[in-house]
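# Examining the three-dimensional arrangement
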Amino acid sequence: MTMTSWSGAYDLWLASLQSENTRRAYRQAFEDLVRFRGNDLQTVNRTDVARWMEDMRKRGLSAPTIGLRLAAVSSFYKYAEYTCEDLRVSNPAAASDRPRVHLYGKANYLSANEARALLRAINRKTLQGRRDYALFLGYLFTGRRNSEWRCVRWGDFINKGSKVMYRWSGKGKENVLSELPTPAWASILELLKADGLHARIQAEDYIFAPFADSIRRQGWDSSRPVGSRDVLQLLKTYGKRAGLNPAALKVHMLRHTAAMLRKEAGDDV
């Protein structure tokens, strides 16, 4: 087999990955493997992968990083096996002894009391406060990633009997429907009713929109969502008011917090 066919399989595999973040991470994995082993993908065997694993350990790479890179290699060879019939494929990472990673073992998250303090630090008497309260309460109740929640539009909500569902996309998933907890939905309705927008909001309008001033909605631009950096800055501002260390706060911590609070309540993470 020529390198062109294997190179073509590699390009097709990368293109098949829906998430840009996954593509970037998997591409880095193969760049590291090629650095260690060379770019002849056809002849990579299990011994090569085992030696590569040991090399990564010696370089101080973490268990999650090593596990991710092995998953990338396995993913490519599985793709080539089922998609590229003209290639003789043997998955060299199929039986790899991947490092065990404890879910959320090193994750940073807020305690229940810290989460409550964060929400209490938001002044809900202002429109911005109502928006920010609904935004952060949603992160804590849904466990969605940054863009998966702040980019929600009015048309993403669907009433199904006594339940409200919301549509989200992110990290290789498109148009997923999940149930929205009642408190999160109530906080959104509180924002819209206080603003007088509830009766005229359009399906394409973003719920968490940026605005020019904190008093009048006319300055809000509902055609775009509040920015990722703005959300981080708001988190740090409210966190400081709540007595938390703003330097340690990241928006992704709210996702971990949601997972750990559910775990403490008896759910499966």
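None of the values given here were measured: they were computed from a predicted structure.

## Structural notes on helix 9 (residues 228-241)
With 14 residues, helix 9 ought to run about 20 Å at 1.5 Å a step, and its terminal C-alpha atoms sit 20 Å apart, in line with that. Among the residues making up helix 9, those that are buried are V231, L234, L235, K236, Y238 and G239. Those residues of helix 9 hidden inside the fold are in contact with helix 5 (112-120), helix 6 (127-142), helix 7 (146-150) and helix 10 (252-264).

## Notes on the sheet that holds strand 2 (residues 163-170)
As summarised here, the arrangement of the three strands in space is 1-2-3, forming an open sheet in which the pairing is antiparallel. Pairing within the sheet leaves two strands with one partner each, and these edge strands are strand 1 (157-160) and strand 3 (173-179). Strand after strand, the sheet turns through a mean of 30 degrees between neighbouring axes, direction not considered. For strand 2 and strand 3, the ladder comprises five bridges, and the chain directions are antiparallel. Within strand 3, the residue paired with G170 across the bridge is K173.

## Notes on the packing of helix 6 against helix 9
At a minimum axis separation of 12 Å, helix 6 and helix 9 run at an interaxial angle of 95 degrees. Between helix 6 and helix 9, the angle falls in the class roughly perpendicular. Residues Q128, R131, D132, L135, F136 and Y139 of helix 6 lie in contact with helix 9, whose contacting residues are V231, L234, L235 and Y238. Looking at the contact of helix 6 with helix 9 residue by residue, the class counts come to seven nonpolar, one polar and two charged.

## Brief notes about the packing of aromatic side chains
If you walk through the whole model with that rule in mind, you get 15 aromatic pairs. Centre to centre, the rings of W13 and Y26 are 5.7 Å apart; their planes meet at 15 degrees, and the pair counts as stacked. Of the two residues, W13 sits in helix 1 (residues 3-16) while Y26 sits in helix 2 (residues 20-37), which places them 13 residues apart along the sequence. Both residues of the pair, W13 and Y26, belong to the buried class. Taken together through their ring pairs, the aromatic side chains of Y10, W13, Y26, F30, F76 and Y77 make up a single cluster. Seen from the ring of Y133, R124 lies directly overhead, with NZ or CZ sitting 3.8 Å from the centre.

Scoring rules and cut-offs
- Residues numbered from 1 in each chain as written.
- Predicted model: local features only at pLDDT ≥ 70, side-chain atom pairs only at ≥ 80, totals over all residues.
- Heavy atoms only, no water.
- Helix = DSSP H or I, 4+ residues; strand = E, 2+ residues; numbered from the N terminus.
- Expected span 1.5 Å × (residues − 1).
- Buried < 20%, exposed > 50% of the residue type's maximum accessible area, 1.4 Å probe, protein only.
- Contact = heavy atoms within 4.5 Å.
- Pairing = 2+ DSSP bridges.
- Axes fitted to C-alpha atoms, helices over the stretch in contact; angles between N-to-C directions.
- Parallel < 35°, antiparallel > 145°, perpendicular 65-115°, else oblique.
- Nonpolar A, V, L, I, M, F, W, Y, C, P; charged D, E, K, R; others polar.
- Phe/Tyr/Trp six-rings, centres within 6.5 Å; stacked < 30°, edge-to-face > 60°.
- Lys NZ or Arg CZ within 6 Å of the ring centre and 35° of its normal.

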